[in-house]
Amino acid sequence: MSGRSTVTVHADRLVHPDAAVAPPIYQTAAFSAGDGEAFARGATEPRGKGFYTRFGNPNHAQVSAVVAELEGTEAAMVTASGMAALTTAVLALVSAGDHVIGQKSTYGGTASVLLNLLPRLGVATTLVDQRDPLAFERAVTPKTRLILLETPSNPLLHVTDLRAVADLARDRGITTLADNTFATPLNQRPAEFGVDVVWHSATKYLNGHTDVSAGALAGPAEILDRIWDTSLLTGATLGPVDAWLLLRGMRTLPLRVARHNANGLALAQALAEHPAVAAVHYPGLESHPQHKLATDQMTGFGGVLSVEFTGGFEAADAFLGLLHYSRRSASLGGVESLAVHPASMWRGMLSDEQITDAVPPGLVRLAAGTEDTADLVDDAVAAATALLTRRP
Ligand code: PLP
């Protein structure tokens, strides 16, 4: 199909055709079959759309068609959350005795799967510094079955060399699973670099309106069939209304991502110059140590940046309270700007020690929404400036 904006509006059109211009919501848990043969077929059709909603629903199939087309993969499926996508995929792809490699800088839930859940299930894990592709190679053992990637990473915006890791994994028969939540398929398509399966917290940019929890997986049909088999057992089914809302959100993804990219870059540039700021992490900045790699594999850098203040944790906390437009919230990727202190947010999923290893204590994550660029920049600069005159 043609351009990305056309894809988001039309890629689902023939999946479950109907005269209604906006697809109907199939708010049903089950579908009936005309005869025994059709019933038996429905029970085994991977990612089907007419048997039982846990097995697949027309609303799932429609949104999946758009995700697959955007990511440039053979197939896609949706789940009840990003974490449901990750845990279902991991449970499908590894067994006790296997070894999994992940990144040191990665979303807290993914870190907890690697550090806590998998070891409890008898799966060994190794976390590497993803800025060094050779670190992945050094971590490989004869039992390595899966490599979990995330680029840019949450919240440090470290970049992983997708092609280098995908190549070394393929040579060794290891599956790669990349979290593309921060970049979105508008800015980066991991499958083009050889990554096997791409996953998303669709709660974020794909939906874009902070009103749905959802996950998505995209990749070759053969691997997705195996993940779908496991999804029947994990039962992390996306509700039909949420699938419909996700598709509606995705219709405007290219428009929104263009604004998120512009706002993220403008905020990063403005804060990088500010005397209250010790460091800004954003791959779109020329000063980012991996800017060249980011430019090679991304066409835009997204709306998320992270900032360290010279005043440490106290200044970071004060900054969050001083922002007018960005509200203190755990999410990102919606039209509204949100900001958070990741070290506090992840305490439900990781131990204090695991958090200390993963994020600097004073780091603030800013998720630029789609508001006017000048308003967001003025707001953030005013908040940072107020830190300089604050009484200790
Ligand atoms: N991946 C990234 C990069 C995230 O930021 C998040 C949530 O914040 C997740 C995955 C998990 O997704 P969900 O909250 O939809 O389960």
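Remember, it's a predicted structure, so these values are computed and weren't measured experimentally. Along every chain, residues carry numbers that run from 1 in the direction the sequence is written. Reporting of local features is limited, given that this is a predicted model, to residues whose pLDDT is at least 70; pairs of side-chain atoms are given and counted only at 80 or more, and all residues count toward the totals for whole chains, interfaces and linings. Note: side-chain values were computed over all heavy atoms of the structure, leaving out hydrogens and water.

Considering the sheet that holds strand 6 (residues 197–201)
Here comes step 1: Strand pairing is defined by DSSP finding a minimum of two bridges between the two strands. By definition, any uninterrupted DSSP run of H or I lasting at least four residues is a helix, any uninterrupted run of E lasting at least two residues is a strand, and each is numbered from the N terminus. In spatial order, the strands read 1-7-6-5-4-2-3; together these seven strands make up an open sheet with mixed pairing. Strands with a single pairing partner mark the edges of an open sheet, and in this sheet they are strand 1 (75–79) and strand 3 (124–128). Each neighbouring strand pair of the sheet contributes to a mean axis angle of 20°, computed without reference to strand direction.
Here comes step 2: The sheet contacts of helix 3 (residues 58–71) involve strand 1, strand 6 and strand 7 (215–219), and relative to strand 1 the element is tilted by about 130°.
Here comes step 3: Against the sheet, helix 5 (residues 108–120) engages strand 2 (99–103), strand 3, strand 4 (144–150) and strand 6, with an angle of about 150° to strand 3. What counts as an axis is a line fitted to C-alpha atoms, over the stretch in contact for a helix, and the angles between N-to-C directions run from 0 to 180 degrees. Whether two residues are in contact is decided by their heavy atoms, any of which lying within 4.5 Å being enough.

With respect to unusual backbone geometry
Here comes step 1: The omega torsion of the bond from Thr 151 to Pro 152 falls at -5°, within 30 degrees of zero and hence cis.
Here comes step 2: The amide bond that connects Asn 154 to the next residue, Pro 155, takes the cis arrangement and shows omega of 0°.
Here comes step 3: On the secondary structure map, Pro 155 appears in the loop between strand 4 and helix 7 (162–171).
Here comes step 4: For Arg 47, which is not glycine, the phi torsion reads 50° and is therefore positive.
Here comes step 5: Its place among the elements puts Arg 47 in the loop between helix 2 (36–44) and helix 3.
Here comes step 6: Positioned with a positive phi, Thr 210 is a non-glycine residue whose angle comes to about 55°.
Here comes step 7: In this fold, Thr 210 is placed in the loop between strand 6 and strand 7.
Here comes step 8: Residue Thr 210 is classed as partly exposed on the basis of its relative accessible area of 38%. Throughout, exposure labels follow a simple rule: accessible area from a 1.4 Å probe, protein chains only, divided by the maximum for the residue type, with under 20% read as buried, over 50% as exposed, and the rest as partly exposed.

So, the domain arrangement of the protein
Here comes step 1: Each domain span listed reflects an automatic or database assignment of domains. Under the domain assignment, the protein is made up of domain 1 (4–250) and domain 2 (253–387).
Here comes step 2: In this assembly, 41 residues from domain 1 lie in contact with 40 residues from domain 2.
Here comes step 3: Buried area: the accessible surface (1.4 Å probe) lost by two parts on joining, summed over both. Interface area for domain 1 against domain 2, summed over the two sides, is near 3,200 Å², with a carbon-plus-sulfur share of 61%.
Here comes step 4: Every case where a carboxyl oxygen of Asp or Glu lies within 4 Å of a side-chain nitrogen of Lys or Arg is listed as a salt bridge. Summed over the shared surface of domain 1 and domain 2, the result is zero salt bridges.
Here comes step 5: Between N or O atoms, a polar contact is any pair within 3.5 Å; within protein, one atom must be a potential hydrogen donor and the other a potential acceptor, and residues adjacent in sequence are included only when both atoms are from side chains. Linking domain 1 with domain 2 are 19 residue pairs in polar contact (both at pLDDT 80 or more).
Here comes step 6: Going through the elements one at a time, helix 1 (4–10), helix 5, helix 8 (184–187) and helix 10 (240–250) are the ones with two or more residues in the side of domain 1 that touches domain 2.
Here comes step 7: The greatest single-element share of the side of domain 1 that touches domain 2, amounting to six residues, is contributed by helix 5.

Points about the pairing of strand 5 (residues 175–179)
Here comes step 1: Burial within strand 5 is extensive, with five of its five residues counted as buried.
Here comes step 2: In strand 5, alternate side chains face the same way, and those of Thr 175, Leu 177 and Asp 179 on one face and Thr 176 and Ala 178 on the other are all buried.
Here comes step 3: Alignment of strand 4 against strand 5, held across five bridges, turns out to be parallel. Residue pairing across strands places Ile 147 opposite Thr 176, the latter belonging to strand 5.
Here comes step 4: Looking down the strands as they point away from the viewer, one classifies a crossover as right-handed if the path from the first strand across the helix to the second runs clockwise. A crossover links strand 4 with its parallel partner strand 5, the connecting element being helix 7, and its sense is right-handed.
Here comes step 5: Bridge analysis of strand 5 against strand 6 gives three bridges, and the strand direction is parallel. Its bridge partner being in strand 6, Leu 177 is matched across the sheet by Val 197.

Quick look at the environment of Ala 164
Here comes step 1: The residue Ala 164 is located in helix 7 in this model.
Here comes step 2: Separated by 31 residues in the primary sequence, Ala 164 and Pro 133 have C-alpha atoms spaced 6.3 Å apart.

Description of the pairing of strand 3
Here comes step 1: Sheet analysis places strand 2 next to strand 3, joined by five bridges and oriented parallel. The partner of His 99 across the bridge, within strand 3, is Ala 124.
Here comes step 2: In this region the chain leaves strand 2, passes through helix 5 and returns to the parallel neighbour strand 3; the handedness of that crossover is right-handed.

Describing the packing of helix 4 (residues 82–93) against helix 5
Here comes step 1: Running from amino to carboxyl end, helix 4 crosses helix 5 at an angle of 35°, the nearest separation of the two axes being 11 Å. Crossing angle aside, the handedness with which helix 4 passes helix 5 is right-handed. Contact residues: Met 83, Leu 86, Thr 87 and Val 90 in helix 4; Gly 109, Thr 110, Val 113, Leu 117 and Leu 118 in helix 5.
Here comes step 2: Gly counts as polar in this scheme, as do all residues outside two lists: the nonpolar Ala, Val, Leu, Ile, Met, Phe, Trp, Tyr, Cys and Pro, and the charged Asp, Glu, Lys and Arg. Class assignment for the residues of the contact of helix 4 with helix 5 results in six nonpolar, three polar and no charged. Crossing chirality is assigned from the near helix's rotation relative to the far helix, an anticlockwise turn below a right angle marking it left-handed and a clockwise turn marking it right-handed.

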